[in-house]
Each structure stands twice: as C-alpha cells, then as structure tokens.
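# Report on the structure
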Amino acid sequence: MATKKQKDFLDVVWDKATLGGMIASLRQCEEISQKDFAEKIGVSKQYLSNVEHNRKVISVRLAKKIAEALRYPVEPFLELLIKDQIAKEGLKVQVSITK
C-alpha cells in the first residue's frame, strides 16, 4: 500500500501527465517501435509521433484502440484525452474518470 507521501507524489505526476506522453512511455516499456505500433493501430508513423508529442488530439475511438493494443484499461487514456483538450482551451478544470 502506498504511503501518503507516495500518493501525493503520484498525484503531482498524474496532474502533469499528457496522453501523448503516456502513450510513448507505455509503448517504449513494451519495446514496440513507433513504426510497428503505428501499423498495429492503423495510423502513420508521423501521425503517431505527432500524438506522442502532443501535436495532435485524437478521437475517443483511437484512444480506446491504443489502450486495447497496449492491453491497458481505457479509463486513464480517456481521462488524459479530456484533460489535454481542456488544457488546450486554457481552462483550469479537474477531470476524473472512474469505471
């Protein structure tokens, strides 16, 4: 079980997380190249690169497809997708998705 200090740290990290950063990190942890992962999810390598560098906002459908391809629950992907969209609009709103 995480200590309060560990939970506080994770909350700070999660608050700064982006969908693109999470996708890149998980893909790299799985040791999948950008090219191979892009083919797996049906997009170009350049498009995936743009997503991972937060230059493109993706659809809910693609976020779900990516989560499934990485074998992760979809909720964190959707939460970060919404947080990224809200941040792009300059709004200071907290978002939390639960199952």
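Located above this text is the structure these notes cover.
So, here's what we can say about the structure. Keep in mind that this is a model prediction, so the values were computed, not measured.

Right, let's talk about the overall build of the protein chain for a bit. Helix and strand content of the protein chain: six helices and zero strands. Start at the N end of the protein chain and walk to the C end: the helices and strands fall as α-α-α-α-α-α. For the protein chain, whose C-alpha radius of gyration is 14 Å, the value lies close to the compact-globule estimate of 13 Å for 99 residues. Overall size of the protein chain, expressed as C-alpha extent along the three principal axes, is 40 × 35 × 25 Å. In the protein chain, buried positions account for 32% of the 99 residues. Pairs at least 24 residues apart make up 52% of the contacts formed inside the protein chain by residues separated by at least 6 positions. In the protein chain, 18 positive and 13 negative side-chain charges are present, and the distance between their average locations comes to 2 Å.

Our focus in this paragraph is helix 5 (residues 60-70). Listing the buried residues of helix 5 in full gives Leu62, Ala63, Ile66, Ala67, Ala69 and Leu70. Around the axis of helix 5, the buried residues are gathered within 165° of arc, so they sit on the same side. Structural note: helix 5 exposes Val60 and Arg61 on the side pointing more than 90 degrees away from its buried face. Buried residues belonging to helix 5 abut helix 2 (19-29), helix 3 (34-41), helix 4 (45-52) and helix 6 (75-88).

For helix 3, the full list of buried residues reads Gln34, Phe37, Ala38 and Ile41. Buried residues of helix 3, viewed axially, fall in a sector of 100°; they line one side. Turning to helix 3, the residues buried within the fold contact helix 2, helix 4 and helix 5. Count one or two residues on from helix 3 and you reach glycine 42, which has phi positive near 80°.

Bringing the packing of helix 5 against helix 6 into the picture now. Taken N-terminus to C-terminus, the directions of helix 5 and helix 6 make an angle of 145°; their axes are 9 Å apart at the nearest point. Crossing handedness for the pair helix 5 and helix 6: right-handed. For the pair helix 5 and helix 6, the contacting residues are Val60, Ala63, Ile66, Ala67 and Leu70 in the first and Phe77, Leu78 and Leu81 in the second. Classifying every residue of the contact of helix 5 with helix 6 gives eight nonpolar, no polar and no charged.

What follows is about the environment of isoleucine 41. Note that isoleucine 41 resides in helix 3. The exposure class assigned to isoleucine 41 is buried, which follows from its relative accessible area of 2%. Note: C-alpha distance between isoleucine 41 and lysine 65 (24 residues apart in sequence) is 6.6 Å. Not counting the four nearest positions on each side in its chain, isoleucine 41 is found in contact with Leu48, Leu62, Lys65, Ile66 and Ala69.

Parameters and conventions
- Residues numbered from 1 in each chain as written.
- Predicted model: local features only at pLDDT ≥ 70, side-chain atom pairs only at ≥ 80, totals over all residues.
- Heavy atoms only, no water.
- Helix = DSSP H or I, 4+ residues; strand = E, 2+ residues; numbered from the N terminus.
- Rg over C-alpha atoms; globule rule 2.2 N^0.38 Å.
- Buried < 20%, exposed > 50% of the residue type's maximum accessible area, 1.4 Å probe, protein only.
- Contact = heavy atoms within 4.5 Å.
- Lys, Arg positive; Asp, Glu negative; His and termini not counted.
- Charge placed at Lys NZ, Arg CZ, Asp CG, Glu CD.
- Arc of directions from axis to C-beta.
- Axes fitted to C-alpha atoms, helices over the stretch in contact; angles between N-to-C directions.
- Left-handed = near helix turned anticlockwise from the far one by under 90°.
- Nonpolar A, V, L, I, M, F, W, Y, C, P; charged D, E, K, R; others polar.

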